[in-house]
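Commentary on secondary and tertiary structure
Chain by chain, the residues run as shown.
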Amino acid sequence: MSLEASQQLLTKAEKGEVQEQDFMESVRASLPYAYDLIARLTAELRSGATEFADNQTPPPSERERGQLLRALSSDAIRGTLERHFGIALAFQNCHRVAAFHPEARGGDTHTRFTSLRAQILNQSPELRDC
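Quick caveat: nothing in here was measured; it's all calculated off a predicted structure. (Residues numbered from 1 in each chain as written. Predicted model: local features only at pLDDT ≥ 70, side-chain atom pairs only at ≥ 80, totals over all residues. Heavy atoms only, no water.)

So, the overall build of the protein chain
So the rule is basically this: In this description a helix means any DSSP run of H or I spanning at least four residues, a strand means any run of E spanning at least two, and both kinds are numbered starting from the N terminus. This radius of gyration counts C-alpha atoms alone. The globule rule is 2.2 Å times how many residues there are, raised to the power 0.38. Each residue's exposure class comes from its accessible area (1.4 Å probe, protein chains only) as a fraction of the maximum for that residue type: buried when under 20%, exposed when over 50%, partly exposed otherwise. Residue contacts are counted whenever heavy atoms from the two residues lie within 4.5 Å of one another. A positive count includes Lys and Arg, and a negative count includes Asp and Glu. His and the chain ends are not counted in either. Taken as the charge location is NZ of Lys, CZ of Arg, CG of Asp or CD of Glu.
What the protein chain contains, in helices and strands, is 7 helices and 3 strands. For the protein chain, the sequential pattern of α-helices and β-strands runs α-α-α-β-α-α-β-β-α-α. Relative to the globule expectation of 14 Å for 130 residues, the C-alpha radius of gyration of the protein chain, 15 Å, shows essentially globular dimensions. Per-residue burial over the protein chain gives 41% buried out of 130 residues. In the protein chain, the proportion of contacts linking residues at least 24 apart, taken out of those at least 6 apart, comes to 60%. Taking the average place of the 15 positive charges on the side chains of the protein chain and the average place of its 18 negative ones, the gap between the two points comes to 2 Å.

Quick look at the structure:
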């Protein structure tokens, strides 16, 4: 299960009344490793030192890796995180996620990061089973 939705949130969803801020709170509470990692990358990006901020450190356990994979593999969760933090996310493997300024999507740096070549070059034997 990707999210631990409260009964109140489930009831809202059944009625069709889900506010993005309520959904974001469920994401934050359910996937704290993923949320905190993306918050950290956003802060690094906003420091202005680079065109993007990325994580190259594997998660401490499979539990955290699972949180990150769930967050980035769900269009609803990923989109909500992007809107909440005001960023564009890119993802290469089980832990290399990057935060870009939204207007950088499709630009040279973003295109290089998301290219087929970058994906191949980012592979290693340690990552093949993730």
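Some thoughts on the nonpolar core
Quick reminder of the rule: Here, nonpolar core refers to any group of buried Ala, Val, Leu, Ile, Met, Phe, Trp, Tyr and Cys residues whose side-chain atoms link them within 4.5 Å.
Counting residues in each nonpolar core, the largest one holds 23 residues, and the members touching the most others are Val27, Ile77 and Leu81. Secondary structure elements with two or more residues in this core: helix H2 (20-30), helix H3 (32-46), helix H4 (62-73), helix H5 (75-85) and strand E3 (97-100). Among the elements that take part in this core, H3 stands out by supplying 7 residues, more than any other. With residues up to four places along the chain from it excluded, the contact list for Val27 reads Leu3, Pro32, Ile77 and Leu81.

With respect to the pairing of E3
What counts, and what does not: Whether two strands pair comes down to DSSP finding at least two bridges between them.
Burial of the side chains of E3 extends over both faces: Val97 and Ala99 are buried on one face and Ala98 and Phe100 on the other. Inspection of the sheet shows strand E1 (residues 52-54) paired to E3 by 3 bridges, in the antiparallel sense. Across the sheet, the residue bridging to Ala53 is Ala99, located in E3. Of the strand pairs in this sheet, strand E2 (residues 88-91) and E3 are connected by 4 bridges, and their pairing is antiparallel. Considered in E3, the bridge of Ala90 is made with Ala98. As consecutive antiparallel partners, E2 and E3 are separated by 5 residues.

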